[in-house]
Amino acid sequence: MTVVRTDASGVLPRRGPKSFLELASVRRYGLQAGTFAMALVLWILFAVGASETWLHFDIYSSLMSTVPLTGIVALALTMVVIAREIDVSFGSVMAVGAWAFVAVGQPELGLVAGLAAGLGVGLLNGIIVVRFGVPSLVATIGSWFFWAGIVLYGTGGKGAGTDFAAGFVTNLVTGRIGGYVPAEFPWMLGIAIVLWVLLNRHRFGAHTYLIGDNEQSARMMGVRTDRVRIAVFALVGTAAAFAGIATTLESNYFWPTTGSGAMLPTVAAVFLGGTSIFGGRGTIFGTVVAAFVIGAIEPGIVSIGWTGLLTQVIYGAVIVGALIMQAYVVRRVR
Amino acid sequence: MATNTDLLELDGISKSFGGVRALHDVSLTVGANEIVGLFGDNGAGKSTLIKIVTGFHAPDSGTITWKGRRFEHLTVQRARELGIETVYQERALADQQPLWRNVFMGRERTTRLGLLDVAGMRAETEKLMLEFLRFTSKAVTPESFVGSMSGGERQGVAIARALHFEAELVILDEPTMGLSLTETRKTLEFVRGIKDAGRSCIFIDHNIFNVHEICERVIVIDRGRVAGEFRPSEMSVHELVEQLRHVAETGMLAGARG
C-alpha cells in the first residue's frame, strides 16, 4: 500500500515554481502589472511627444477632476465584475442621481436624495438579476434605456443650473483644495480605499470573489450569495449617482444626458485594470491605474498632435485588447 | 441495535417525492469514530438519505437521533451546528482563490473590528497543511490556487476543511469519482485521517474495492430500503461482490443481518 505520509519531519519541501507564469504573485497580479507598465509607457510617450503639457501640473489637475467622474463608477463596477456580473446601466443612473439632486433644489437634501435614487435603481437592478434570474447584461441594458428615458421624459429634455448648491456641497464634491487639487480626486482615492478594505479585508469582499469564482460552491458553503449579488449592484447605483452629481456640479449645470458618454471609459477602466470578465479576479489598484490611463488617452493624443476623433477607436481597442489578454492568461495559467 | 456509543441513529425514515417513494422505512446507525459505507445503485436512495441527514430534505416519517437527541427533521443550519459536514462530489471549492480562502469559505474569521483576520486564517491553513494534508509533492502554500492542485489534494482540502470546523460526522459523497489510482489512494488516506482524528464518516462510493478497504461497516441500500449490512473484515472482496449480485436479484443480502 502506498503510504502518503512519508514526511515525518513535518516540513514542507518548497520547490520553486517551474516557470515565470506559475509564480503565485505573477498569476494574481500579472494583469495589473501589465496595466501599470502600459501607464508608464504611455506617460513617457506623452511626456516626450508633448513635454510642455505633460511636465506641468495643469494637466494633472485637469485629470484629477475628470478621471474620478468615471473612475468612481469603475471602482464599484469592479466589484460587480469580480462577482461575475456586469452593469451597463450606470450612465443612466448618473443622470437619475443628478436629476434627483437638482429636482430637490436644496443642496444637502438633494445630495442625499440623489444618492438614495442611485441606490434604489441599483437595488432594483440587483433584484431583477438575482430574484428574477435575468442575465445581468440584458437586465441592465434594459434598465439603461429605461432610466435614460425616464429622465428625458421627466425633465422634458430641459437642463437646470446648480446655483442653489453653491457653497458647502459644491465645495465638498468639486471644490479645489488649496486652489489646485480638485476634490473629486480625494473622493476617488477615499472610495478606492474603502472598497479595497471591503474587498480584501471584509467578508463581503471575500464572498464577492467566491461568488464570481464558483457561485454554487459558495452557496453550498453557506455564503448568502443572493444578498451579496444584489448589494454589488446597489453599490454601483450609488457610486453612479455620486458621479452624476459631481459631473453636474463640476459644470454647474445639469444636462438630462449626463452620463451618456460614461460607458466606454468606465468599462474600459475595469477591464484594462485586469479585472476578469470570467469573474473571481480583480483588484481596486488595477482599476485606479487603468482609470487614469483611460482618462489620459484623449488629452494625450491631442497633445501630441493627433486628432481627438481617434479617442473612441483607442478605447475600443483597449477594451478588446485587455479582454484578449485575460482570455490568454486564463488559458495559460489554469 | 442502537447503543449509547451511537453518534447518529436513523429510525424508520421514509420519503416520497410526488408519489415516488425514494426511501422506505430506513433505519441505520453510525457509531462514534466509525467509518460506515453506504453502497447501492444509482437511484437506490443514497443521495436522498444523505440530504435528510444534512437537513436539505425533511423525512415524511421517522426520526433522526444525534447523540441521544431526537429530531423530526434537521435544517442545513442545524446539521452544521451539530457537527455534520458534507463533502460534495464537486467538493465546493473555488479554483481561482487561494487555499486559505477556500478553507474558510463562508466561515471567514474576523477580528474585533469586523475585518478579516487574514494572518490568522493563513497561519491556520498552514498548520492544517502540515498536520492533516501533509502536502509533499510540490510547492503548495496557503496562497496557492486550489485550481492548480490535483484531484486528491483537492479532496484532501475539502476533508481537512470539514475536520477543521469540528465536524464529528463527515459525509463523503463519491470522493474518488474521476480520480486516478494514485489520487484515489491519497483520498483514502485522508479518509483514514478522519478516523485518526477520532471522528466518524459516511463514505459513499461505487467502487467496491474502495468500500471494502476503507469501511468498518457497509450498509447496502437497494430501491429505497436497507438491504442489509456487513463488515468487510469478515468477508473477502469476492464474497462481497457475490453478495451484491444477490442483492441486485433479490433485494436482500444472502443471510443478511439487516
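Residues numbered from 1 in each chain as written. Chains lettered and ligands numbered in written order. Predicted model: local features only at pLDDT ≥ 70, side-chain atom pairs only at ≥ 80, totals over all residues.

Undergrad: Even after reading the chapter, I still don't get the overall build of chain A, so can you show me in this structure?
TA: A count of helical and extended segments in chain A gives 13 helices and four strands. Taking 20 Å as the expected radius of gyration for a compact globule of 334 residues, we find that chain A reaches 22 Å, a close match to that expectation. The C-alpha extent of chain A, read off along each of the three principal axes, is 80 × 50 × 35 Å. When burial is assessed residue by residue, chain A has 47% of its 334 residues classed as buried. Considering only contacts within chain A whose residues lie at least 6 apart along the sequence, 77% involve residues at least 24 apart. (Helix = DSSP H or I, 4+ residues; strand = E, 2+ residues; numbered from the N terminus. Rg over C-alpha atoms; globule rule 2.2 N^0.38 Å. Buried ≥ 20, exposed ≤ 12 C-beta atoms within 10 Å, placed from the backbone. Contact = placed C-beta atoms within 7 Å.)

Undergrad: Looking at this structure, how should I read the overall build of chain B?
TA: Of the regular secondary structure elements, chain B holds eight helices and 10 strands. At 19 Å, chain B has a C-alpha radius of gyration in line with the 18 Å of a compact globule built from 258 residues. Residue pairs at least 24 apart in sequence account for 69% of intrachain contacts in chain B once pairs closer than 6 positions are excluded.

Undergrad: Any chance you could explain the confidence of the model for chain A here in plain terms?
TA: Detailed reading of the predicted coordinates is not advisable wherever pLDDT falls low. Looking at chain A as a whole, the pLDDT averages 87, with 90% of positions reaching at least 70. Confidence drops under pLDDT 50 across residues 1–18 of chain A; counting only partners more than four residues distant or on other chains, this segment forms 21 contacts. (pLDDT = per-residue confidence, 0-100.)

Undergrad: Got a minute to help me understand the environment of Asp196(B) in this structure?
TA: All names here are of chain B. Mapping Asp196 onto the fold places it in helix α6 (residues 181–196). Among the residues examined, Asp196 registers 11 C-beta atoms within 10 Å and is labelled exposed. For the pair Asp196 and Gly83, spaced 113 residues apart in the sequence, the C-alpha separation amounts to 17 Å.

Undergrad: Looking at this structure, how should I read the sheet that holds strand β5 (residues 69–71) of chain B?
TA: The strands that make up a sheet pair up through hydrogen bonds in the backbone, lying either parallel or antiparallel. Residues and elements named next belong to chain B. The antiparallel open sheet is built from four strands, whose spatial order is β2-β1-β4-β5. Looking along the sheet, the strands with just one partner apiece sit at the ends: β2 (20–31) and β5. Pairs of neighbouring strands in the sheet enclose a mean axial angle of 20°, with direction left out of account. Note: strand β1 (residues 6–17) against strand β4 (residues 61–66), five bridges, orientation antiparallel. Bridge assignment links Ser14 to a residue of β4, and that residue is Ser61. Contacts from helix α1 (residues 46–53) reach β1 and β2 within the one sheet, and its direction differs from that of β2 by about 60°. (Pairing = 2+ DSSP bridges. Axes fitted to C-alpha atoms, helices over the stretch in contact; angles between N-to-C directions.)

Undergrad: Where do I start with the nonpolar core in this structure?
TA: Side chains that are nonpolar tend, in soluble globular proteins, to be buried together. Among the nonpolar cores identified, the biggest contains 169 residues, and Val73(A), Val96(A), Val236(A), Ala239(A), Ile294(A), Val170(B) and Phe203(B) are the most heavily contacted of them. With 15 residues, helix α10 (residues 225–251) of chain A is the largest single contributor of residues to this core. When near neighbours in sequence (up to four residues on either side) are disregarded, Val170(B) contacts Glu85(B), Val87(B), Ile159(B), Ala162(B), Leu163(B), Ile194(B), Arg199(B) and Cys201(B). (Core = buried A, V, L, I, M, F, W, Y, C linked by C-beta atoms within 7 Å.)

Undergrad: Mind showing me how you'd approach the sheet that holds strand β6 (residues 84–87) of chain B here?
TA: Residues and elements named next belong to chain B. In spatial order, the strands read β6-β7-β8-β3-β9-β10; together these six strands make up an open sheet with mixed pairing. Strands at the two margins of the open sheet, each flanked by one partner only, are β6 and β10 (225–230). Averaged over all adjacent pairs, the angle separating strand axes in this sheet is 20°, with direction ignored. As paired elements, strand β3 (residues 35–39) and strand β9 (residues 217–222) share four bridges and run parallel to each other. Considered in β9, the bridge of Phe39 is made with Val220. Taken strand by strand, α1 contacts β3, β6, β7 (169–173), β8 (200–204) and β9, and its axis lies near 150° from that of β7.

Undergrad: Hey, could you run me through helix α8 (residues 184–201) of chain A in this one?
TA: Residue and element names in this part refer to chain A. Under the 1.5 Å per step criterion, the end-to-end length of α8 is 25 Å for 18 residues, consistent within 8% with the ideal 26 Å. For α8, the complete set of buried residues consists of Glu184, Met188, Ile191, Ala192, Leu195 and Leu199. With its buried residues spanning 105° around the axis, α8 presents them on a single face. More than 90 degrees from the buried face of α8, the exposed residues found are Gly190, Ile193 and Val194. Buried residues belonging to α8 abut α3 (57–82), α7 (168–174), β3 (181–182), α9 (203–220), α10 and α12 (284–303). (Expected span 1.5 Å × (residues − 1). Arc of directions from axis to C-beta.)

Undergrad: What is the right way to look at the packing of α3(A) against α12(A) in this model?
TA: Angle between the axes and distance between the axes: these two values describe a pair of packed helices. Residues and elements named next belong to chain A. α12 packs onto α3 with a crossing angle of 135° between their chain directions and a minimal axis gap of 8 Å. Comparing the axis directions of α3 and α12 gives the class oblique. Helix-helix and strand crossings are classified by hand; for α3 and α12 the assignment is right-handed. Here Ile59, Leu63, Thr66, Val67, Thr70, Gly71, Ala74, Leu75 and Thr78 of α3 come into contact with α12, specifically with Ile284, Thr287, Val288, Ala291, Phe292, Gly295, Ala296 and Pro299. Among the residues making up the contact of α3 with α12, the classes are represented as 11 nonpolar, six polar and no charged. (Parallel < 35°, antiparallel > 145°, perpendicular 65-115°, else oblique. Left-handed = near helix turned anticlockwise from the far one by under 90°. Nonpolar A, V, L, I, M, F, W, Y, C, P; charged D, E, K, R; others polar.)

Undergrad: Any chance you could explain the pairing of β1(B) here in plain terms?
TA: A regular strand carries its side chains on alternate faces of the sheet. Residues and elements named next belong to chain B. Bridge count for β1 against β2 is eight bridges, and the pairing is antiparallel. Following the sheet pairing, Lys15 is matched in β2 by Leu23. In textbook terms, the turn of a hairpin is the stretch between consecutive antiparallel strands, and for β1 and β2 this stretch comprises two residues, one of which, Gly18, has a positive phi near 50°.

Undergrad: Just checking my understanding: could you explain the environment of Asn125(A) for this structure?
TA: All names here are of chain A. Here Asn125 shows up in helix α5 (residues 107–130). Expressed as a C-alpha distance, the spacing of Asn125 and Val81, which sit 44 residues apart in the sequence, is 14 Å. The residues contacting Asn125, other than those within four sequence positions of it, are Asp87, Ser89, Ala139, Thr140, Ser143, Phe233 and Gly237.

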